[in-house]
Amino acid sequence: MFIVFILTVGNGSESSVSNRVTVLRKRRADEHTLSAFNVGWGKSASGLLEKVSRFRGSGRMKGQLNAADWFNKPVNPADAPGYHKIIKNPMDFSTVRNKLKGGEYGSLGDFHADMMLVKGNCYAYNPPEHQARKDCTEVFAFYEQEYSKLVQKWQKVHIAVDV
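About the cut-offs
- Residues numbered from 1 in each chain as written.
- Predicted model: local features only at pLDDT ≥ 70, side-chain atom pairs only at ≥ 80, totals over all residues.
- Heavy atoms only, no water.
- Axes fitted to C-alpha atoms, helices over the stretch in contact; angles between N-to-C directions.
- Helix = DSSP H or I, 4+ residues; strand = E, 2+ residues; numbered from the N terminus.
- Parallel < 35°, antiparallel > 145°, perpendicular 65-115°, else oblique.
- Left-handed = near helix turned anticlockwise from the far one by under 90°.
- Contact = heavy atoms within 4.5 Å.
- Buried < 20%, exposed > 50% of the residue type's maximum accessible area, 1.4 Å probe, protein only.
- Lys, Arg positive; Asp, Glu negative; His and termini not counted.
- Salt bridge = Lys/Arg side-chain N within 4 Å of Asp/Glu carboxyl O.
- Polar contact = N/O pair within 3.5 Å; in protein donor to acceptor, adjacent residues only side chain to side chain.

> When you look at the packing of helix α3 (residues 93–101) against helix α4 (residues 108–125) in this model, what are you seeing that I'm missing?
Each pair of packed helices can be summarised by the angle the axes make with each other and by the distance between the axes. For the pair α3 and α4, interaxial distance at closest approach is 10 Å and the crossing angle is 170°. In this view, α3 runs roughly antiparallel relative to α4, as classed from their interaxial angle. As for how α3 packs across α4, the hand of that crossing is right-handed. Together, Phe93, Val96, Lys99 and Leu100 of α3 and Phe111, Asp114, Met115 and Val118 of α4 make up the contact between the two elements.

Structure, rendered in structure tokens:
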């Protein structure tokens, strides 16, 4: 893996923009660099996960079940008969949160893949008319919009992001 650094060289004067030269340098990323790099996107991903896990949904009153509540904890087999026969790789927001905290994701893209697994599992198990599936559609429309903003932000700030 390579990380691209931007080095701006100039004469120190803020007004002399024309005298600045930008140099792109590639360097092999060592463990220290990678862990420092991951902290940044990891914090952003964690913040996004918190927003999504609290997503109320449209038309919900305070005190009602949030649309995201279906996905905050692992599915209880007693509440979902046959779930583990249909879903071979369960995933939920608390598992994603623990993997983020444990540094188990190698990239923002790995985080996104697990978030999309939550959605895919919901679609695979629940019929279209089920409230969990309807809420899933709403929650993940919000997630995908916010994730897109996060990726755009990181692409502006950091040259190389594996998404």
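Okay, back to it.
> What is the right way to read the side chain of arginine 133 from this model?
Relative to the assigned elements, arginine 133 resides in helix α5 (residues 131–157). Although buried, arginine 133 forms no salt bridge, and the nearest oppositely charged side chain, glutamate 129, lies 7.3 Å from it. A polar side-chain atom of arginine 133 sits 3.3 Å from the main-chain carbonyl oxygen of tyrosine 123. Once you skip the residues sitting within four places of it in the chain, arginine 133 turns out to touch Cys122, Tyr123, Asn126, Pro127 and Pro128.

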